[in-house]
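In case you want the letters, here they are:
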Amino acid sequence: MPHSGQCLCGATKVRGPPSILLPCTAANPDVAQITVASTHAEQIICHCTDCQLTSGSHASTNILPLITDVKIVGNVKQYDAKALSGNTVSRLFCGGCGSALAHKTPAFGDAMAVQTGNLPDFRKVPVALELFVKDRWTGIPSVNGAGQAWTMPGTTAP
């Protein structure tokens, strides 16, 4: 079952089938749409400083669908920045309200991160993994039962 939702201003809808950054086919070119065709039973919390800055909070919540399962059209803006790894991270956001939608980086291979805050069904989806726990804010506890990765999976605390 695909996931669906919308951004803060409602101009970005999140639902149905595949592809990425296509020309807007909506009657209103200011309306952006994002679709996640795959189903995800778990989500990830990322505490990296980039996610803190783009979320305006202590972390971001994400799923990692294949790029071919994600379709984004319409009023979507892109911001590219270099991560500490040296990889370029392309962040996609609603051009109307600024809601973070997704981000891509070579580190994800054939996948991209889609922010789950725009998808109401993720309020009840468990967190399986926390990334960049080295950057977790003091006072924010770890999620019970979730894996803890110092940076990216496979790394450990010094």
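Worth saying up front: this structure is predicted, and the values here are computed from it rather than measured.

J.: Break down the overall build of the protein chain for me, with residues and values.
T.: What the protein chain contains, in helices and strands, is one helix and 12 strands. Reading the protein chain from its N end, one meets helices and strands in the order β-β-β-β-α-β-β-β-β-β-β-β-β. Looking at the protein chain as a whole, 41% of its 158 residues are labelled buried. Counting only contacts in the protein chain whose residues sit at least 6 apart along the sequence, the fraction spanning at least 24 positions is 53%.

J.: Describe the pattern of salt bridges, with residues and values.
T.: By the definition in use, this model includes two salt bridges. Glu130 is the salt-bridge partner of Arg136, the closest N and O atoms lying 2.6 Å from each other. With its nearest N and O atoms 3.2 Å apart, the salt bridge here joins Lys134 to Asp135.

J.: Can you break down the side chain of Gln52 residue by residue, with the values?
T.: Structurally, Gln52 is set in helix α1 (residues 49–55). A distance of 3.5 Å separates the side chain of Gln52 from the side chain of Trp137, its partner in a polar contact. Leave out the neighbours within four places in its chain, and Gln52 touches His47, Ser57, His58, Ala59, Asp135 and Trp137.

J.: Explain the sheet that holds strand β4 (residues 43–46) to me, and be specific about the residues and the numbers.
T.: Read across the open sheet, the eight strands follow the order β7-β8-β9-β10-β5-β4-β11-β12; overall the sheet is mixed. Either end of the sheet is taken by a strand with one partner, and the two such strands are β7 (76–82) and β12 (147–148). Relative to strand β9 (residues 100–104), strand β8 (residues 88–94) runs antiparallel, the two sharing four bridges. Within the sheet, the bridge partner assigned to Leu92 lies in β9 and is Ala102.

J.: Give a detailed account of the environment of Pro2, specifying residues and quantitative values.
T.: Here Pro2 lies in the segment before β1 (5–6). As a C-alpha pair, Pro2 and Asp69 span 67 residues in sequence and 9.5 Å in three-dimensional space.

J.: I'd like a description of the pairing of β4, backed by residues and values.
T.: Where burial is concerned, the two faces of β4 agree: the one with Gln43 and Ile45 and the one with Ile44 and Cys46 are both buried. For β4 and strand β11 (residues 127–131), the ladder comprises four bridges, and the chain directions are parallel. Bridged to Ile45 within β11 is Glu130. Summarising the sheet, β4 and strand β5 (residues 60–63) pair through three bridges and their orientation is antiparallel. Bridge assignment links Ile44 to a residue of β5, and that residue is Asn62.

J.: Go over the confidence of the model for the protein chain with me, naming the residues and quoting the values.
T.: Looking at the protein chain, the pLDDT average stands at 82 and 80% of residues meet or exceed 70. Ranking the elements of the protein chain by mean pLDDT puts strand β2 (residues 12–14) last with 61 and β11 first with 97. For the stretch residues 16–27, pLDDT sits under 50, and the model shows 39 contacts to residues farther than four places along the chain or on other chains.

J.: Would you mind going over the nonpolar core in detail, with residue names and values included?
T.: Ranked by internal contacts, the top residues of the largest apolar core, which has 13 residues, are Ile63, Ile72, Leu92, Ala102, Met112 and Val114. Core analysis: the second largest hydrophobic core is formed by seven residues, Cys46, Cys51, Phe132 and Ala149 among them.

J.: Give me the lowdown on the environment of Ile140, citing residues and values where you can.
T.: Relative to the helices and strands, Ile140 resides in the loop between β11 and β12. Along the primary structure Ile140 and His58 are separated by 82 residues, whereas in three dimensions their C-alpha atoms are 8.3 Å apart. Excluding its chain neighbours within four sequence positions, the residues that come into contact with Ile140 are His47 and His58.

Calculation rules
Residues numbered from 1 in each chain as written. Predicted model: local features only at pLDDT ≥ 70, side-chain atom pairs only at ≥ 80, totals over all residues. Heavy atoms only, no water. Helix = DSSP H or I, 4+ residues; strand = E, 2+ residues; numbered from the N terminus. Buried < 20%, exposed > 50% of the residue type's maximum accessible area, 1.4 Å probe, protein only. Contact = heavy atoms within 4.5 Å. Salt bridge = Lys/Arg side-chain N within 4 Å of Asp/Glu carboxyl O. Polar contact = N/O pair within 3.5 Å; in protein donor to acceptor, adjacent residues only side chain to side chain. Pairing = 2+ DSSP bridges. pLDDT = per-residue confidence, 0-100. Core = buried A, V, L, I, M, F, W, Y, C linked by side-chain atoms within 4.5 Å.

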